[in-house]
Amino acid sequence: MELVNRYYSRYQTAIFTLLLVSGSVKFIFTDINFPIDITLIFSVLIFGDIMLGLLAGSNKNRKFNSNQIFFLTAFIALYVLMLFSLIYTKSENYAYLKTFYFILNLICFIYPIFIIRFDYNLFFKLLLVVLISTSLWYLLKRYLAWYSPDPNVRFYFKSFSGSYLLLSNALSFNFLYCVYKKQTRLAIIIFLIMIALGGRGPIIFIIILLFIWKFKIITNFKVRKRLIKKILYVLLLVLPVLFYFREKILEVFRAGFDRILSFLDYGHDKSVISRLEYLSFTFDKIFDSIASFFFGHGIGSFGVMYNGIDKKEFPHNIFLEAFFELGIMGFILTILIFILPLFIYKKKPIVIKLMCVFFLLHSMKSGSFDGMRFMSAVYGMLIFFSYDVFEKKFN
């Protein structure tokens, strides 16, 4: 029985991991014309496992504390509020799609409840293999598209060029874990890949969190002869290779550097300007009337109100998105779900809380309700795992 549970828990960990990264790697399956949406595949597997767990009563002996019940209730209440807003939303089509997609967030949030024993080694190894291989694929496709004489190739690449941000976010998760486990070389490799991808937000957030986390070590850092020797040996081995392939390497990193450096000229950066426009529009419409303040404009309404097209569009901040579309109650529930746990679960490992803070920062820069399943999963891990998932020290 113990052997069965071990393999079953690995299966649960694997499908959980693959659902979280499915959005980041989806462009590869599109590239090879895979006939089925991989997010749908793993969503169905996890939903089936949840149903199986409920029918088998595998969690009937589990006791939930008051905090866990509170956050689960708040998450469900947020979804109920979305359903209610369908009555008055200004979006006629996208609202239903967005409400449906939010189910994935709920599934990712509650699935840690049903995992028998989380295999953190499998989780991070699988994440690492999938994300690094996918990132290299992405960089190769970008390099080939950049120098292709065929404009159709470059146009095709643009259809999934936004994957760099999804990959950077997921890699940040792995980066924090590698630092936690003192896997310095692997952390450096991940960080270099993030620079090549060009995700400015993830890189900035990682640097800020790392500085706060390791402040004492950084401020008390002393240069040792042994460290200098190691650096010199590495440079002697690596520099000739870097020099020989310098043009190819610079081309791979160029797009990433261009995106990062463009942030310094924020006055002319299209991404920064568009976000400021989103914020201005959001604040104006939140306080447009008493009804919009208390009830919002309805789920999925931002796009149709901002540019007149009923499609995916959002303020790039989940708290303002909640306020804009669901009113003051949606705003309060979002704060309770994603900020309050950081103050309640003080005894949980620092790394899982830093991961939550990372996704919290990201959600205030580029977040949206229909694209936060990784964030929901990390908060689910923080709230519902009653043990240190990174050390397997059960209470």
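As the structure is a computational prediction, the values presented were derived from the model and not from experiment.

Cut-offs and rules
Residues numbered from 1 in each chain as written. Predicted model: local features only at pLDDT ≥ 70, side-chain atom pairs only at ≥ 80, totals over all residues. Heavy atoms only, no water. Helix = DSSP H or I, 4+ residues; strand = E, 2+ residues; numbered from the N terminus. Contact = heavy atoms within 4.5 Å. Areas by Shrake-Rupley, 256 points an atom, 1.4 Å probe, with all protein chains shown as cover. Phe/Tyr/Trp six-rings, centres within 6.5 Å; stacked < 30°, edge-to-face > 60°. Buried < 20%, exposed > 50% of the residue type's maximum accessible area, 1.4 Å probe, protein only. Patch = residues over 30% accessible without salt bridge, like charges linked within 9 Å, V, L, I, M, F, W, Y side chains within 5 Å. Salt bridge = Lys/Arg side-chain N within 4 Å of Asp/Glu carboxyl O.

Q: Report on the overall build of the protein, specifying residues and quantitative values.
A: Along the protein, the regular secondary structure elements total 19 helices and 2 strands. Nonlocal contacts in the protein, meaning residues at least 24 apart in sequence, comprise 79% of its contacts between residues at least 6 apart. Accessible area for the protein stands at about 21300 Å²; split by element, carbon and sulfur atoms hold 69% of it.

Q: Outline unusual backbone geometry, supporting the account with residue identities and numerical values.
A: Its identity is not glycine, yet Lys 182 carries a phi of approximately 60°, on the positive side. Assignment of secondary structure puts Lys 182 in the loop between α7 (163–180) and α8 (184–197). The phi dihedral of His 316 is positive, around 65°, even though this residue is not glycine. Note that His 316 resides in the loop between α15 (301–306) and α16 (318–338).

Q: Got a sec to walk through the environment of Met 51? Specific residues and values, please.
A: Along the chain, Met 51 turns up in helix α2 (residues 38–56). Each C-alpha atom of the pair Met 51 and Phe 114 lies 9.8 Å from the other, and the pair is 63 residues apart in sequence.

Q: Tell me about the packing of aromatic side chains, and name the residues and values.
A: Taken as a whole and judged by the stated rule, the model has 42 aromatic pairs. Aromatic pair Tyr 278 and Phe 302: ring centres 5.9 Å apart, planes at 65°, arrangement edge-to-face. With Tyr 278 in helix α13 (residues 270–286) and Phe 302 in helix α15, the pair connects residues that are 24 residues apart, well separated along the chain. Judged by relative accessible area, Tyr 278 falls into the buried class, the value being 11%. The exposure class assigned to Phe 302 is buried, which follows from its relative accessible area of 0%.

Q: Residue-level account of a nonpolar patch on the surface, with values.
A: Together, Ile 32, Phe 34, Ile 36, Leu 40, Val 44 and Trp 137 give the surface a local cluster of nonpolar side chains, amounting to about 560 Å² of exposed area. You can call Phe 34 partly exposed: its relative accessible area is 37%.

Q: So what about the pattern of salt bridges? Which residues, and what values?
A: Counted under the stated rule, the structure contains 5 salt bridges. Asp 37 serves as the salt-bridge partner of Lys 26, at 3.4 Å between the closest nitrogen and oxygen. Taken together, the residues Lys 26 in helix α1 (residues 2–31) and Asp 37 in the loop between α1 and α2 connect sequence positions 11 residues apart. The exposure class of Asp 37 is partly exposed, given its relative accessible area of 35%. Residues Lys 98 and Glu 325 are paired through a salt bridge, measuring 3.0 Å at the closest nitrogen-oxygen approach. In this pair, Lys 98 sits in helix α4 (residues 94–110) while Glu 325 sits in helix α16, placing the two residues 227 residues apart along the sequence.

Q: Describe the environment of Ser 301, with residues and values.
A: Along the chain, Ser 301 falls in helix α15. Look at Ser 301 and you get buried, because its relative accessible area is 0%. As a C-alpha pair, Ser 301 and Ser 91 span 210 residues in sequence and 4.9 Å in three-dimensional space. Ignoring any residue separated from it by four or fewer positions in sequence, one finds Ser 301 in contact with Thr 89, Lys 90, Ser 91, Phe 324 and Glu 325.

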